[in-house]
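Below, each chain spelled out in residue letters.
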Amino acid sequence: MLPENQYSILFMKHCLGFILLFIAFTNSCDHLPTSRGNQTENVVDSFCQAYFQYQFEHAMAFTTIESHKWLKYAASNVHQEDVDMLNSQQTGPSIDIEEVVTPENDTIGYALVTVNNYLVMDIIGEVGHIRDNVQYRLDMVKKDGKWKIKLNGLPREERK
């Protein structure tokens, strides 16, 4: 039989062990995505925020390497008048993610987004104009366990 003092020490060691185990477990959970949808929606939202505000270099972080040529092409078609128009806007574009489809056991998906208050530059050589309620379909691929936007051209308006 152990003296009462040793019971207290043994009890405290067990409690300390459980506390350390609990801390280790909760810290390891911080690095896991909370759901599969959050990572893909974050990629879609981040890409859209950058792309539709004409921050093409930042948008590259959310696309496949093969897509970079399209972002460079888009950047090459922005002129000073377009930049002035962007700078004169009081609020930037707003993006609504309508749907993200990334099947569980597949590496191909897509997202549908609706963009409002967006400076559309659809006629070469002319200053862009503001549009609302424009829907785009963005193709996605899963590479190295992460979803990315895959551009096969510049995003085009989806017909409703």
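For clarity, every value in this text was computed on a predicted model and none was experimentally measured.

Helix and strand content of the chain: five helices and six strands. Along the chain, from the amino end to the carboxyl end, the secondary structure elements read α-α-α-α-α-β-β-β-β-β-β. Counting across all 160 residues of the chain, residues that qualify as buried make up 29%. Counted over contacts in the chain with a minimum sequence separation of 6, partners at least 24 positions apart contribute 55%. Surface exposure of the chain reaches about 10900 Å², of which carbon and sulfur atoms provide 55%.

Bringing unusual backbone geometry into the picture now. The phi angle at Y54 is positive, at roughly 60°, despite the residue not being glycine. Structurally, the position occupied by Y54 is in the loop between α2 (36–51) and α3 (56–59). Its identity is not glycine, yet N133 carries a phi of approximately 55°, on the positive side. Take N133: it is sitting in the loop between β4 (129–131) and β5 (134–143).

Another point: the packing of aromatic side chains. Tallying each qualifying case throughout the model produces nine aromatic pairs. Seen from their ring centres, Y54 and F56 are 5.4 Å apart, and the 85° between their planes marks the pair as edge-to-face. When sorted by exposure, Y54 lands in the same class as F56, which is buried. In textbook terms, an aromatic cluster arises when at least three aromatic residues are bridged by ring pairs, as seen for F47, Y51, F52, Y54, F56, Y118 and Y136. Over the ring of Y110 we find R137; its NZ or CZ atom is 3.9 Å from the centre of that ring.

Basis of the calculations
Residues numbered from 1 in each chain as written. Predicted model: local features only at pLDDT ≥ 70, side-chain atom pairs only at ≥ 80, totals over all residues. Heavy atoms only, no water. Helix = DSSP H or I, 4+ residues; strand = E, 2+ residues; numbered from the N terminus. Buried < 20%, exposed > 50% of the residue type's maximum accessible area, 1.4 Å probe, protein only. Contact = heavy atoms within 4.5 Å. Areas by Shrake-Rupley, 256 points an atom, 1.4 Å probe, with all protein chains shown as cover. Phe/Tyr/Trp six-rings, centres within 6.5 Å; stacked < 30°, edge-to-face > 60°. Lys NZ or Arg CZ within 6 Å of the ring centre and 35° of its normal.

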